[in-house]
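Residue-level listing of the chains:
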Amino acid sequence: MKKAATTISAIAIACLASALALTGCASAEDFTAMSYTSDGIVTDIVINVSERALDISASEDENVHIAYHDSEKEYLDIRKNDDGRLTIVLAENKAWTDHIGFAAPAEYRRIEVRVPAGVASLSAVTSGEDVTISGLKLSDSLGLNVNNGDISLESCDVGRSIGLTVKNGDISGSIAGSAEDFSITCDVKKGDTDLPERTEGGEKTLAVSVNNGDAYISFV
């Protein structure tokens, strides 16, 4: 019985190796540079991806601009509804063998989003990569959730609230305004922070949650 089991295992490994050989690794030829420019007013942006770095900054005009790379097996589904909500979702068309040890090359796992001042809110979820926010101005709210990656902010300006959640990563950077402008809640586990655990009285809210990482935020 032991010999039979060993033979079966050897056959299974050989079959898997053959499948992986046929699948191959993702290469530059598999990806195509893509771009999107919004048509009409965008009120909110919702991003839901995985294994993608997000570079989000201010737009130079009144439109949302997105630069990214697509392949037949991994591509962005970008849609805007009649209410002005723009959604960016990572879609996949993969066989089971495509999920074994393979990932898109790093240069193709980056999404650049340029956001005009007229957008009220932005929320983003990603994993395995970092999120960078620079010069963003939102009239309502910003929400970011990152698993196994960092959040970096530079002069982020919001009208009502900021929510930042990271697991296995750090939060750093700056927020427009003063600490007194915000009612703050901060929960950091297995890490350090320069934020108070709780403050009240601010007209805006800042909620920070970090598990296994640090949170250092300044106000400018």
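Quantities reported herein were computed from a predicted structural model and do not represent experimental measurements.

Draft legend 1. Region of the structure containing the pattern of salt bridges. All chains considered together, the criterion is met by 10 salt bridges. For E112, the salt bridge identified is with R114, shortest N-O distance 3.5 Å. On the basis of relative accessible area, R114 is assigned to the partly exposed category, the value being 22%. Measuring nitrogen to oxygen at the nearest pair gives 2.7 Å for the salt bridge that ties D140 to R160. Taken as a pair, D140 in the loop between β10 (137-138) and β11 (141-147) and R160 in the loop between β12 (151-158) and β13 (161-167) lie far apart in primary sequence, 20 residues in all.

Draft legend 2. Main features of the sheet that holds strand β5 (residues 74-80). An order of β5-β6-β2-β8-β11-β13-β16-β15 is seen for the eight strands of this open sheet, with the pairing classed as mixed. The open sheet is flanked by β5 and β15 (182-189), the only strands paired with a single partner. Strand after strand, the sheet turns through a mean of 5° between neighbouring axes, direction not considered. In this sheet, strand β6 (residues 85-92) lies alongside strand β2 (residues 44-48) in parallel orientation, the contact comprising five bridges.

Draft legend 3. Representation of the nonpolar core. One finds I45, I66, L142, L144 and V208 to be the most contacted residues of the largest nonpolar core, which totals 46 residues. With four residues, the single largest contributor to this core is β12.

Draft legend 4. Layout of the side chain of S59. In this structure, S59 sits in the loop between β3 (53-58) and β4 (65-70). Judged by its relative accessible area of 14%, S59 falls in the buried class. Side chain to side chain, S59 and D61 meet in a polar contact 3.0 Å long.

Draft legend 5. A look at unusual backbone geometry. In this structure, E51 takes a positive phi of about 55° despite not being glycine. Relative to the helices and strands, E51 is located in the loop between β2 and β3. Judged by relative accessible area, E51 falls into the partly exposed class, the value being 38%.

Draft legend 6. Fine view of empty space enclosed by the protein. Overall, the coordinates contain one cavity of 30 Å³ or more when judged by the stated rule. The volume enclosed by the largest cavity comes to roughly 40 Å³. Taken together, R52, Y68, H69, D70, E74, Y75, L76, L90, Y108, R110 and I111 make up the full set of residues lining the largest cavity. If you list the elements that add at least two residues to the lining of the largest cavity, you get β4, β5 and β7 (110-115). When grouped by side-chain class, the residues that make up the lining of the largest cavity number six nonpolar, one polar and four charged.

Draft legend 7. Quick look at the pairing of strand β9 (residues 131-134). Here β9 shows a buried face lined by V131 and I133 and an unburied face lined by T132 and S134. Note: β3 against β9, four bridges, orientation parallel. Along β9, the bridge assignment pairs D55 with T132. Here four bridges tie β9 to β12, and the two strands are oriented parallel to one another. Residue pairing for β12: S134 is matched across the bridge by E154.

What counts, and at which threshold
Residues numbered from 1 in each chain as written. Predicted model: local features only at pLDDT ≥ 70, side-chain atom pairs only at ≥ 80, totals over all residues. Heavy atoms only, no water. Salt bridge = Lys/Arg side-chain N within 4 Å of Asp/Glu carboxyl O. Buried < 20%, exposed > 50% of the residue type's maximum accessible area, 1.4 Å probe, protein only. Helix = DSSP H or I, 4+ residues; strand = E, 2+ residues; numbered from the N terminus. Pairing = 2+ DSSP bridges. Axes fitted to C-alpha atoms, helices over the stretch in contact; angles between N-to-C directions. Core = buried A, V, L, I, M, F, W, Y, C linked by side-chain atoms within 4.5 Å. Polar contact = N/O pair within 3.5 Å; in protein donor to acceptor, adjacent residues only side chain to side chain. 1 Å grid on protein atoms, 1.4 Å probe; cavity = no way out; pocket = protein on both sides within 12 Å on 5 of 7 lines; lining within 4 Å. Points joined across faces, edges and corners; volume = space filled by probe spheres on them. Nonpolar A, V, L, I, M, F, W, Y, C, P; charged D, E, K, R; others polar.

Everything listed here is a matter of coordinates, which is why it stays silent on function.
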